[in-house]
Amino acid sequence: TDLRCEYLRNPLGIGETRPRFSWTIVSGRRSAVQAAYRLLVAEDAGFSRVLWDSGKTESGESVQVAAGEPFSRSRFRYYYRVEVWGAGGEYAISDEEAWWETGLIDPAEWRAVWIAAPARVIPPDSLQSPMFRNEVAVPADRPLRRARLYITARGLYRCTLNGVRVGDGEFTPGWTSYRRRLQVQTYDATPLLRPGPNVVGLLLGDGWYRGSLTWDLRRNSYGDRLKALAQLHLEYEDGGEDV
């Protein structure tokens, strides 16, 4: 039970191509231990198209067990299953649907460009928070299968779709060495979109990027202009896609 991929249950936007899996064994017998496990990864929830099978592996490990081969297909949902054997020969198989979905693994898949407020509107030394707004049209005659929003910022961001906040994370995208690495969040935007016009809103804040930082409260440690990078993928039931 409690199957996890990269610490998370059914995570979206995983960038690790050899993800690590964890699980918990439950037994009514005292001192029960795992003697072996088997991990399977498939393209479908029914496991009719298995991509990788670890085989029965004699090991008591059940935390952060790495996949034996890379799964590098971007924006794809992989399903995984765990089987375990106890030291007394007991056998169990996970019955919960477990999966992970990859993000934009190849940087070339980013078609979006960075946006920032013009310097004449908000000067670099201003403490104002830029706000952005854009409209996205969802065709009424093409049923939407799923929508994914990939987003990051130089600074902090808060995003809304049709006035509803996207996600519940605070201080996203998180503190990194911004000149070398940026974290990207992936959101399921499907339930927030409707046929016809939709409105995307973005609010940016200083955060660690250009806010007061270090013991002497120095500003602009990584830059002086707040920027955002966001890309929305609309996948339709007919197999088409808009970005």
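Figured I'd write up the structure that's included with this text.

**What to know about the overall build of the protein**
At step 1: Looking only at helices and strands, one finds 1 helix and 18 strands in the protein.
At step 2: With 243 residues in all, the protein has 40% of them scored as buried.
At step 3: Sequence separation of 24 or more characterises 68% of the internal contacts of the protein that already satisfy a separation of 6 or more.
At step 4: Carbon and sulfur atoms provide 49% of the accessible area of the protein, an area that totals close to 13600 Å².
At step 5: Put simply, the protein has 32 plus and 31 minus side-chain charges, and the middle of one group is 6 Å from the middle of the other.

**Some remarks on the pairing of strand β12 (residues 144–154)**
It is a general feature of regular strands that their side chains alternate between the two faces of the sheet.
At step 1: The buried fraction of β12 is high, at 8 of 11 residues.
At step 2: Examined bridge by bridge, β12 and strand β17 (residues 227–236) share 10 bridges and lie antiparallel to one another. Counted as the bridge partner of A153 is A228 from β17.

**Section: the pattern of salt bridges**
At step 1: In total, this model carries 23 salt bridges according to the counting rule given.
At step 2: Here R4 ties to D2 by a salt bridge, and the two come within 3.1 Å at their closest N and O atoms.
At step 3: Across the salt bridge formed by R49 and E43, the nearest N and O atoms sit 3.1 Å from each other.
At step 4: In this structure R49 comes out as partly exposed when scored by relative accessible area, which is 44%.
At step 5: Via salt bridges that share partners, R75, R77, E101, R145, R146, R148, D188, E235 and E241 belong to a single interconnected network.

**Digging into the environment of E6**
At step 1: Looking at the element boundaries, E6 is found in the loop between β1 (4–5) and β2 (20–22).
At step 2: For E6, a relative accessible area of 13% puts it in the buried group.
At step 3: Separated by 13 residues in sequence, E6 and P19 have C-alpha atoms that sit 6.1 Å apart.
At step 4: Dropping the residues within four chain positions of it, E6 is found in contact with I14, E16, R18, P19 and R20.
At step 5: A polar contact of 2.7 Å, which involves the side chain of E6, links it to the side chain of R20.

**Here we look at the nonpolar core**
The nonpolar side chains of a soluble globular protein tend to be buried with one another.
At step 1: Counting 23 residues, the largest nonpolar core has Y157 and C159 as the members making the most contacts within it.
At step 2: Those elements that place two or more of their residues in this core are β11 (131–138), β12, β13 (156–161), β16 (196–205) and β17.
At step 3: Ignoring anything within four residues of it in the chain, the contact list for Y157 reads I151, T152, T172, P173, Q185, Y187, L202, L203 and L204.
At step 4: Counting 19 residues, the second largest nonpolar core, distinct from the first, contains W23, L39, W52 and Y80.

**As for the side chain of D206**
At step 1: Examined against the element boundaries, D206 turns out to sit in the loop between β16 and α1 (207–210).
At step 2: D206 sits in the buried class, given a relative accessible area of 17%.
At step 3: Within polar-contact distance, the side chain of D206 engages the side chain of R219 at 3.0 Å.
At step 4: With sequence-adjacent residues up to four places away left out, D206 is seen in contact with L127, G155, L156, G211, R219 and L226.

**A closer look at the sheet that holds strand β6 (residues 65–66)**
At step 1: Ordered by their spatial adjacency, 3 strands build an open sheet running β1-β2-β6, and the pairing between neighbours is antiparallel. The sheet is open, and its two borders are formed by β1 and β6, each paired with just one other strand.
At step 2: When β1 meets β2, the two strands line up antiparallel, connected through 2 bridges. Its bridge partner lying in β2, R4 is registered against S22.

**Some thoughts on the packing of aromatic side chains**
At step 1: As enumerated under the stated definition, the model contains 14 aromatic pairs in all.
At step 2: Ring geometry for F76 and Y78: centres 4.8 Å apart, planes at 70°, overall edge-to-face. Like F76, the residue Y78 is buried in the burial classification.
At step 3: Here R142 stacks its cationic end above the ring of Y236, 4.0 Å away from the centre of that ring.

Basis of the calculations
- Residues numbered from 1 in each chain as written.
- Predicted model: local features only at pLDDT ≥ 70, side-chain atom pairs only at ≥ 80, totals over all residues.
- Heavy atoms only, no water.
- Helix = DSSP H or I, 4+ residues; strand = E, 2+ residues; numbered from the N terminus.
- Buried < 20%, exposed > 50% of the residue type's maximum accessible area, 1.4 Å probe, protein only.
- Contact = heavy atoms within 4.5 Å.
- Areas by Shrake-Rupley, 256 points an atom, 1.4 Å probe, with all protein chains shown as cover.
- Lys, Arg positive; Asp, Glu negative; His and termini not counted.
- Charge placed at Lys NZ, Arg CZ, Asp CG, Glu CD.
- Pairing = 2+ DSSP bridges.
- Salt bridge = Lys/Arg side-chain N within 4 Å of Asp/Glu carboxyl O.
- Polar contact = N/O pair within 3.5 Å; in protein donor to acceptor, adjacent residues only side chain to side chain.
- Core = buried A, V, L, I, M, F, W, Y, C linked by side-chain atoms within 4.5 Å.
- Phe/Tyr/Trp six-rings, centres within 6.5 Å; stacked < 30°, edge-to-face > 60°.
- Lys NZ or Arg CZ within 6 Å of the ring centre and 35° of its normal.

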